[in-house]
Amino acid sequence: MSSNSERIALVTGGAMGIGAAIAEQLARDGMTVLVSDLKLEEAEKTAQRFREAGHSAHPVELDVGQPASINAAFEHIATTFGRCDVVVNNAGIAKTFPFIEFPLDNWLATLNINLTGTLLCSQCAARLMLPKRWGRIINIASVAGMRAVGKGRTAYGTSKAAVIGLTRQIASELAEQGITANAIAPGPVDTPMTEVLHSADFKAAYTSAIPMKRYGRPEEIAAAVSFLASESAAYVTGTVIPVDGGFMSAGALGT
Ligand code: NAD
């Protein structure tokens, strides 16, 4: 069995936000992390920061919205590292529009990046996991894939619900090959994404619906990824773990 120091973990959208925190945690766990992103320069800076802290990290250019970019990145990974033990499908986009006017181009772009990107990266990663009969596929979904969170998330919420369905399918098909697939459903987390997406009003409404009365931190999502990527999670597959301060479990919070 491999130890973490031999393992290669790819994080998509790893340059900033939740993805950067996940990559940092997996690097701390002793894995070599491939910080992949659409924005190569940002990925380079993030990987450099990890290397300066004594970790093993490399940038990889990967646009999960472009099948050719995914194939090229995995060819590079296969040639350079010869394996991919963990893939964290974290890259995602979100924009809100009223349901009635929801633009088709944003619907297609959101499903392409959030869902099809997850499918294609999981397929490519699984092909590299099969020879070792060990692998961890970890998909970053959202509580918005389990409940309707605020208005305007027609494409985002649907894409994340589909990511959860895809996770179950992957889990059931690859279980006998030693590959697990799980999803994490973060509640709201302070990142560059929510800075743009969440208005002050929405932030206040969201916070009041969370029993812990606060947004999550990227490191709190990374901690759950670390568990799912570990040997300790060998018997956990096909599940979705909310990391949400109790949001999924709560209804009306008044007395
Ligand atoms: P972010 O926008 O802050 O960062 C996303 C990263 O992904 C960026 O580095 C960006 O360059 C990269 N990216 C975007 N499109 C890409 C593409 N096509 N290919 C490769 N990289 C791409 O986002 P975040 O808030 O850190 O969210 C990360 C993941 O967590 C997303 O899937 C998001 O849906 C999910 N999520 C976030 C929250 C939240 O509150 N922040 C809550 C639930 C789920």
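Our subject is the structure that appears above.
These figures come from a predicted structure and were not determined experimentally. (Residues numbered from 1 in each chain as written. Predicted model: local features only at pLDDT ≥ 70, side-chain atom pairs only at ≥ 80, totals over all residues. Heavy atoms only, no water.)

Its boundaries defined by the atoms lining it, the largest pocket holds a volume of some 980 Å³. Broken down by secondary-structure element, the contributors of at least two residues to the lining of the largest pocket are helix H1 (17-28), helix H5 (154-174) and helix H6 (192-197). Considering every element that reaches the lining of the largest pocket, the biggest residue donor is H6, with 5 residues. Per-class residue counts for the lining of the largest pocket are 23 nonpolar, 13 polar and 6 charged. (1 Å grid on protein atoms, 1.4 Å probe; cavity = no way out; pocket = protein on both sides within 12 Å on 5 of 7 lines; lining within 4 Å. Points joined across faces, edges and corners; volume = space filled by probe spheres on them. Helix = DSSP H or I, 4+ residues; strand = E, 2+ residues; numbered from the N terminus. Nonpolar A, V, L, I, M, F, W, Y, C, P; charged D, E, K, R; others polar.)

This paragraph deals with the site of the ligand. In the vicinity of the ligand, 30 residues are found, and the nearest of them are Asp37, Asn90, Tyr156, Val189 and Thr191. Here an oxygen atom of the ligand sits 2.7 Å away from a polar atom, N or O, in the side chain of Asp37. Compared with its free state, where it exposes 850 Å², the ligand has 94% of that area covered by protein. Under a 2 Å grid-point criterion requiring more than half of the atoms, the pocket assigned to the ligand is the largest pocket. Take the shell around the ligand: its biggest share by element is 3 residues, from H6. (Near = heavy atom within 4 Å. Polar contact = N/O pair within 3.5 Å; in protein donor to acceptor, adjacent residues only side chain to side chain. Areas by Shrake-Rupley, 256 points an atom, 1.4 Å probe, with all protein chains shown as cover. Sits in = over half its atoms within 2 Å of the grid points.)

Evaluated as defined, the whole model comprises 4 aromatic pairs. Between Phe97 and Phe102, the ring centres sit 5.3 Å apart and the planes meet at 85 degrees, which makes this aromatic pair edge-to-face. Look at Phe97 and you get partly exposed, because its relative accessible area is 26%. On the accessibility criterion, Phe102 (14% relative accessible area) is buried. Cluster of aromatic residues (ring-pair linked, three or more members): Phe202, Tyr206, Tyr215 and Phe247. When the ring centre of Tyr215 is taken as origin, the NZ or CZ atom of Lys203, which lies over that ring, is 5.1 Å away. (Phe/Tyr/Trp six-rings, centres within 6.5 Å; stacked < 30°, edge-to-face > 60°. Buried < 20%, exposed > 50% of the residue type's maximum accessible area, 1.4 Å probe, protein only. Lys NZ or Arg CZ within 6 Å of the ring centre and 35° of its normal.)

What follows is about the packing of H1 against helix H8 (residues 218-229). With their axes 8 Å apart at the nearest point, H1 and H8 run at an angle of 45 degrees to one another. Taken together, the axes of H1 and H8 are oblique relative to one another. Seen from above, H1 lies across H8 with right-handed handedness. Packed against H1, whose contacting residues are Gly17, Ile18, Ala21, Ile22, Gln25 and Leu26, the element H8 presents Pro218, Glu219, Ile221, Ala222, Val225, Ser226 and Ala229 at the interface. Here the contact of H1 with H8 is built from residues that sort into 9 nonpolar, 3 polar and 1 charged. (Axes fitted to C-alpha atoms, helices over the stretch in contact; angles between N-to-C directions. Parallel < 35°, antiparallel > 145°, perpendicular 65-115°, else oblique. Left-handed = near helix turned anticlockwise from the far one by under 90°. Contact = heavy atoms within 4.5 Å.)

This brings us to the pairing of strand E4 (residues 86-89). Side chains of E4 alternate between two faces, with Val86 and Val88 and Val87 and Asn89 buried alike. Alignment of strand E1 (residues 8-11) against E4, held across 3 bridges, turns out to be parallel. Residue Val11 lies in a different strand from E4, and its bridge partner there is Val88. Alignment of E4 against strand E5 (residues 135-140), held across 4 bridges, turns out to be parallel. Of the residues in E5, the one forming a bridge with Asn89 is Asn139. In this view, the connection linking E4 to its parallel neighbour E5 by way of helix H4 (residues 104-129) has right-handed handedness. (Pairing = 2+ DSSP bridges. Right-handed = clockwise from strand over helix to strand, strands pointing away.)

A word on the sheet that holds E1. The strand order across the open sheet formed by 7 strands is E3-E2-E1-E4-E5-E6-E7, and the pairing between neighbours is parallel. This sheet does not close on itself; its edge strands, each paired only once, are strand E3 (57-61) and strand E7 (240-243). Averaged over neighbouring strand pairs, the angle between their axes works out to 20 degrees when direction is ignored. As judged from the 5 bridges shared by strand E2 (residues 32-37) and E3, these two strands associate in the parallel manner. In the strand pairing of E3, Asp37 is matched with Glu61.

Now for H8. Structurally, the α-helix is built with 3.6 residues per turn, so residues lying three or four positions apart point the same way. For H8, with 12 residues, the first-to-last C-alpha span of 17 Å sits near the 16 Å given by 1.5 Å per residue. Burial in H8 covers these residues: Pro218, Ile221, Ala222, Ala224, Val225, Ser226, Leu228 and Ala229. Those residues of H8 hidden inside the fold are in contact with H1, E4, E5, strand E6 (179-186) and E7. (Expected span 1.5 Å × (residues − 1).)

By size, the foremost hydrophobic cluster in this structure holds 29 residues, and its most contacted members are Ile22, Leu26, Val86 and Val88. At the level of secondary structure, the elements contributing two or more residues to this core comprise E1, H1, E2, helix H2 (40-52), E4, E5 and H8. Not counting chain neighbours up to four residues away, the residues in contact with Ile22 comprise Val11, Val88, Asn90, Ile140, Ala222 and Val225. With 27 residues, the next largest nonpolar core counts Leu34, Leu62, Met129 and Ile170 among its residues. (Core = buried A, V, L, I, M, F, W, Y, C linked by side-chain atoms within 4.5 Å.)

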